Structures are given as C-alpha cells and as structure tokens.
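# An overview of the molecular structure
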Amino acid sequence: MDVIRRSQTNMYPQSLTVERPTGAHAAFDSTRIHRDLAALTSDPTVVHRAESLIVAQLAGFDVVATGTIETTVVNTLTQLGYPQMALQYQR
C-alpha cells in the first residue's frame, strides 16, 4: 500500500486528505465510496457493511494515496466474500 502518512491523533475521515497520482491533494469524500459500492449492488446492507469497514480502515490516516483507497476497497470486498464485486470495482 502506498499510504503517505499515518495519523497519530485523528480518527475521523473528515480530516483525511487524498493524494492523487498528479500530486494534487483533495479532501476525502466518503460519498464517492458509497456511490461506487451502490453502483455494484442494489443490496443496501452490503453497501453499508463494506462502506463502514473501508472508511474505518482509512480513518487512521492523515494523507492517503488514491491507490491505497482502491486497494482497501478491493481487499475489503474480497474479505467480505464479494470477489465479483471487487473485480467489477477494479474495472
């Protein structure tokens, strides 16, 4: 994972900064993860469960690369038993 900097004090994703491949920084927006997951399944329980776990994993960082977010989503979906969703997300 290409995590940039792990937080020592912040546990809230509102303070998370995303570093894009271009080097630009943007505030983390968890609604993007929700939207992407909702596009993969119509089951709100699956969306909520996966989204909660993904956001919780990312909440401990100050700055995280987009690749780390993508890897976290794929790994979480796979670990929850949704490998087909993980493959769809990668596309």
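Note that this is a predicted model, so its numbers are computed, not measured. (Residues numbered from 1 in each chain as written. Predicted model: local features only at pLDDT ≥ 70, side-chain atom pairs only at ≥ 80, totals over all residues. Heavy atoms only, no water.)

### Some words on the environment of proline 44
Mapped onto the fold, proline 44 is located in helix α2 (residues 44-58). Each C-alpha atom of the pair proline 44 and histidine 34 lies 10.0 Å from the other, and the pair is 10 residues apart in sequence. (Helix = DSSP H or I, 4+ residues; strand = E, 2+ residues; numbered from the N terminus.)

### Quick look at the confidence of the model for the protein
Across the protein, the average pLDDT comes to 86, with 85% of residues at 70 or higher. The lowest-confidence element of the protein is strand β1 (residues 3-6), averaging 46 in pLDDT; the highest-confidence one is helix α3 (residues 66-79), averaging 96. (pLDDT = per-residue confidence, 0-100.)

### Observations concerning the nonpolar core
With 22 residues, the main nonpolar core has Phe28, Leu37, Leu58, Ile69 and Leu77 as its most contacted residues. Secondary-structure elements contributing two or more residues to this core are α1 (30-40), α2, β4 (61-65), α3 and α4 (83-90). Beyond its immediate stretch of four places on either side in the chain, leucine 37 contacts Val47, Ala50, Glu51, Ile54, Val73, Leu77 and Met85. (Core = buried A, V, L, I, M, F, W, Y, C linked by side-chain atoms within 4.5 Å. Buried < 20%, exposed > 50% of the residue type's maximum accessible area, 1.4 Å probe, protein only. Contact = heavy atoms within 4.5 Å.)

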